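Overview (structure and organization)
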Amino acid sequence: MSVVSYQLEGDIGIIRLNNPPVNALSHALRLGIQDAVAQAQNDASLALVLICQGRTFIAGADISEFGKAPMLPSLPGLLDIIEASTKPIIAAIHGTALGGGLETALACHYRCALSSAKVGLPEVKLGLLPGAGGTQRVPRLAGVKAAVDLITTGTPISATKALNIGLIDKMLEGDLLSGALDFAKEVIAQGAVLKKVSDIDVDKTGISADFFTECRAHLSKRFRQQQAPQRIVECIEASISKSFEEGLKVERRLFVECMQSTQSAALRHLFFAERLSSKIKGLAKDTPLKDIKRVGIIGGGTMGGGIAMNFVNVGIPVTLLEINDQALQRGKDIIAKNYATTVKKGKLTTALAVQRQALITGTTDYNDLADMDLVIEAVFENLAIKKQVFAKLDSVCKPGAILASNTSYQDVNLIAESTSRPQDVIGLHFFSPANVMKLLEIVRGDKTSEQVLATSMVMAKTIKKIPALSRVCYGFIGNRMLRQYAREAQLCLLEGSTPEAIDTVMQNFGMAMGPLAVGDLAGIDIGYKAREGLTDVEKGDVRTYCIADALYEMGRLGQKTGAGYYRYDAQTRQRIADPIVLEVIEAQAKQRGVERKAINDDTILARLTFALINEGFKILEEGIAQRASDIDVVYAFGYGFPAFRGGPMFYAESLGLEKIYQTICQFGETYGEEFWQPASLLKQLVAEGKTLTEWTNR
Ligand code: 3H9
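Below: a short report on this structure. From a predicted model like this one, the values you see are computed outputs, not experimental measurements.

**Points about the environment of Ala113**
- Assignment of secondary structure puts Ala113 in strand S6 (residues 110-114).
- Taking the relative accessible area as the measure of exposure, Ala113 reaches 1% and is therefore buried.
- For the pair Ala113 and Lys683, spaced 570 residues apart in the sequence, the C-alpha separation amounts to 55 Å.
- Among residues more than four places away in sequence, those in contact with Ala113 are Ile93, Ile168, Lys170, Met171 and Leu172.

**Observations concerning the packing of aromatic side chains**
- Inspection of every chain in the model, using the stated rule, returns 13 aromatic pairs.
- On the basis of an interplanar angle of 90° and a centroid distance of 6.0 Å, the ring pair of Tyr110 and Phe183 is categorised as edge-to-face. In this pair, Tyr110 sits in strand S6 while Phe183 sits in helix H7 (residues 176-189), placing the two residues 73 residues apart along the sequence.
- With relative accessibility at 7%, the residue Phe183 sits in the buried group.
- Both rings, one in Tyr409 and one in Tyr474, keep their centres 4.8 Å apart while their planes meet at 35°; by these two values the pair is tilted.

**Here's the deal with empty space enclosed by the protein**
- One pass over the full model with this rule turns up 1 cavity of 30 Å³ or more.
- A per-element tally of the lining of the largest cavity places helix H2 (residues 75-83) first, with 3 residues.
- Across the lining of the largest cavity, the residue classes tally to 4 nonpolar, 1 polar and 2 charged.

**Structural notes on the side chain of Asn413**
- Counting through the fold element by element, Asn413 comes out in helix H16 (residues 412-417).
- A polar contact of 2.7 Å, which involves the side chain of Asn413, links it to the backbone nitrogen of Asp446.
- Apart from the residues lying within four places of it in its own chain, the contact partners of Asn413 are Gly445, Asp446 and Val472.

**Regarding the site of the ligand**
- Around the ligand sit 27 residues, and of these Arg55, Glu103, Glu123, Arg275 and Lys279 come closest.
- At 2.9 Å, a backbone N or O of Ala59 approaches a nitrogen atom of the ligand.
- Ile63 is positioned with one of its backbone polar atoms (N or O) 2.9 Å from a nitrogen atom of the ligand.
- Compared with its free state, where it exposes 1000 Å², the ligand has 73% of that area covered by protein.
- For the shell around the ligand, the secondary-structure elements that each account for two or more residues are strand S5 (96-98), helix H3 (100-107), helix H10 (244-259) and helix H11 (262-276).

**Focus: the sheet that holds strand S3 (residues 47-52)**
- Pairing in this open sheet of 6 strands is mixed, and the strands run S1-S2-S3-S4-S6-S9 from one edge to the other. Among the strands making up the open sheet, the edge pair consists of strand S1 (4-9) and strand S9 (170-172). With direction set aside, neighbouring strand axes in the sheet form an average angle of 20°.
- Where S1 meets strand S2 (residues 12-17), 6 bridges bridge the pair, whose relative direction is antiparallel. Counterpart to Ser5 in the pairing with S2 is Arg16.

**Here we look at the packing of helix H18 (residues 476-495) against helix H19 (residues 499-509)**
- Contact pair H18 / H19: the axes reach a minimum separation of 9 Å and the direction vectors enclose 140°. The orientation of H18 with respect to H19, classified from their angle, is oblique. The handedness of the crossing between H18 and H19 comes out as right-handed. Residues Tyr485, Ala489, Cys492 and Leu493 of H18 form the contact with H19, whose participating residues are Pro499, Ile502 and Met506.
- Class assignment for the residues of the contact of H18 with H19 results in 7 nonpolar, no polar and no charged.

**Quick word on the packing of H3 against helix H4 (residues 134-142)**
- Where H3 meets H4, the closest approach of the two axes is 10 Å, and the angle between their N-to-C directions is 55°. When the axis of H3 is compared with that of H4, the two are oblique. Taken as a pair, H3 and H4 cross one another with a handedness that is left-handed. Contacts from Glu103, Leu106 and Ala107 of H3 reach H4 at Gly134, Arg137, Val138 and Leu141.
- Among the residues forming the contact of H3 with H4, the class breakdown is 4 nonpolar, 1 polar and 2 charged.

**Overview of the sheet that holds strand S13 (residues 374-377)**
- Pairing within the open sheet is mixed, and its 8 strands lie in the order S12-S11-S10-S13-S14-S15-S16-S17. Each edge of the sheet is formed by a strand with only one pairing partner; in this case those strands are strand S12 (360-363) and strand S17 (466-471). For this sheet, the mean inter-axis angle between neighbouring strands, taken without regard to orientation, is 25°.
- Pairing of strand S10 (residues 295-298) with S13, which is carried by 4 bridges, proceeds in the parallel orientation. Bridged to Val295 within S13 is Leu374.
- On the sheet, helix H26 (residues 628-638) packs against strand S16 (439-444) and S17 and is oriented at approximately 125° with respect to S17.

Reading guide: rules and limits
Residues numbered from 1 in each chain as written. Predicted model: local features only at pLDDT ≥ 70, side-chain atom pairs only at ≥ 80, totals over all residues. Heavy atoms only, no water. Helix = DSSP H or I, 4+ residues; strand = E, 2+ residues; numbered from the N terminus. Buried < 20%, exposed > 50% of the residue type's maximum accessible area, 1.4 Å probe, protein only. Contact = heavy atoms within 4.5 Å. Phe/Tyr/Trp six-rings, centres within 6.5 Å; stacked < 30°, edge-to-face > 60°. 1 Å grid on protein atoms, 1.4 Å probe; cavity = no way out; pocket = protein on both sides within 12 Å on 5 of 7 lines; lining within 4 Å. Points joined across faces, edges and corners; volume = space filled by probe spheres on them. Nonpolar A, V, L, I, M, F, W, Y, C, P; charged D, E, K, R; others polar. Polar contact = N/O pair within 3.5 Å; in protein donor to acceptor, adjacent residues only side chain to side chain. Near = heavy atom within 4 Å. Areas by Shrake-Rupley, 256 points an atom, 1.4 Å probe, with all protein chains shown as cover. Pairing = 2+ DSSP bridges. Axes fitted to C-alpha atoms, helices over the stretch in contact; angles between N-to-C directions. Parallel < 35°, antiparallel > 145°, perpendicular 65-115°, else oblique. Left-handed = near helix turned anticlockwise from the far one by under 90°.

Keep in mind that these numbers describe shape and distance, not what the molecule does.
The structure is reproduced here in structure tokens:
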């Protein structure tokens, strides 16, 4: 079936697009629209309606065509043709008109939309800018400030807002096609005027001389190191200082620059990685799913409470189990406090917050979990306790219920063994704060059934999480890699660096926070207590945790005690470098016979990131992760790795595997082979001259 059809209905020509799933502007679609517009110029039509079939209006340019040889007509070329039509074209929008989709609508002479529709220019999230006139047409319709806001945030807006700021002309309810046809008749009745956005002058009122300088400064803070937001400002600035045609030239030049940047390649990689991570290799698409209508959560602490919020936020009732009434009340209070914060921020109404909390039932009786479709255990991180909980669940839960552990480290296979139904046991590793963080690591036990796996993937999407599949190993994908990253942070401290130097390097790299500031936020006691359950061999080299242990023993547990790797101002919570910490580090170095020497920023960066990458390769070669891009998803959505670097594995590829391999070998000689053994897969790819992408697609 053709992706574009054209049909005359009375005196209105209807151009229908049908390119599932999201009507992306592929070459075939562009060609089809071009032909339809050409055909309409010579027929009896007086106006044209451009409408899409399926779930949405055009969601943008076809991202999978980026980086390939251009095929005519280009999108800007097509939009010139649309705007030059001798008959007015009316875009009829439903679903989401995004990126090149909205730009297509803006090149039409009129726009109508269902009130449920959204419009936006999300290119910035792909490291791009709207490259088909968006930066020149939005300021003409909506003004400069609204344009800066819409295009630099990339956040779609509602049809109501779009109507208010002038991006659409008419809001419709009910059947879109009949509403659009009526609107077309109105346009014809009023003389079929060709309203071209490019003819409008940009309104400069209220735009001060330093408006754009302030925008740039604000954006360089908000989107640290990202190039696209700055270039967007340059385009919008051109919209007021230059003609439409000249402005388009600026936009085109900067769009091409963005398109060729590593930042955009990284963000586009993550776009597809995010969608691929929910697909399980070897699992049939039609694997039957289980219904998840009621969820039980064991443990009402920060984690359990946060997990509960995810379900009630999408209308799934939760039964929260705690050890006694007091603990239960504490749990409910934490949830209430979280909701109160959301309401205070204006992100939720009080009524909705109350409605959601009403979906949570508290209990101290395991028998109340008998009817649950899914139970998630979020108790203390201790294998023996978890096994007891699962044995209990096995005795009370109905057959077929999914029994999940929110463990960060424990062996899901051992947990499963404490039940008579290991096929129903799975790891669902949420990240703190669980109601906010996007990532959900789904841990597949050796016996976890395909049905439980497939259901968990769908459930993750239902609660708006991004899932990534991991096999069982200590720490799974994320924390196993993090351990190596933390190892290098500790060794750098011991060998000559400081918390501030390390955190600054990693923040400048783009991490949301440096590793030591994260340690203070999470609590230094967490790692200490986790180590208590390990043998000396499992703990690893004492140099990798002696400083943390020393701080723990001094009662410096991080932010919660006002001191850890830093001191924290009691009022402002501002972190301050603390000379006592340096004394602790120096004392530990002396005790371990380590001579402290300055370590430069490049070395700190390489040591920390290459430790992550090397472990990522090991995780791949062992089959713990399904694919390299899943590791990137884990790090970008769960650990604050800068999205514009694409995740650790994409970053490795962009640096070149040979360079990483050579540096790791050299680190082995300098810092000890006990820490630096290149992963066999890395070694193999370098020897074969292959990239990670080639290996993934093998
Ligand atoms: C642009 O327009 C540049 C122009 O300014 C200038 C050009 C010169 N292309 O997200 P979903 C696929 S840049 C290709 O799961 P949802 C997606 O990979 C673009 N493929 O659905 C997935 O494939 P699969 C600006 C695309 O309902 C399937 O569609 N636009 C594209 O949760 C379903 O996607 C954007 O950035 C695309 N543009 O969400 C919008 N979009 O099934 C990007 C989607 O094989 N898209 N696919 O895994 C979105 O934000 C969401 O997909 C959308 C639907 C909200 C539309």
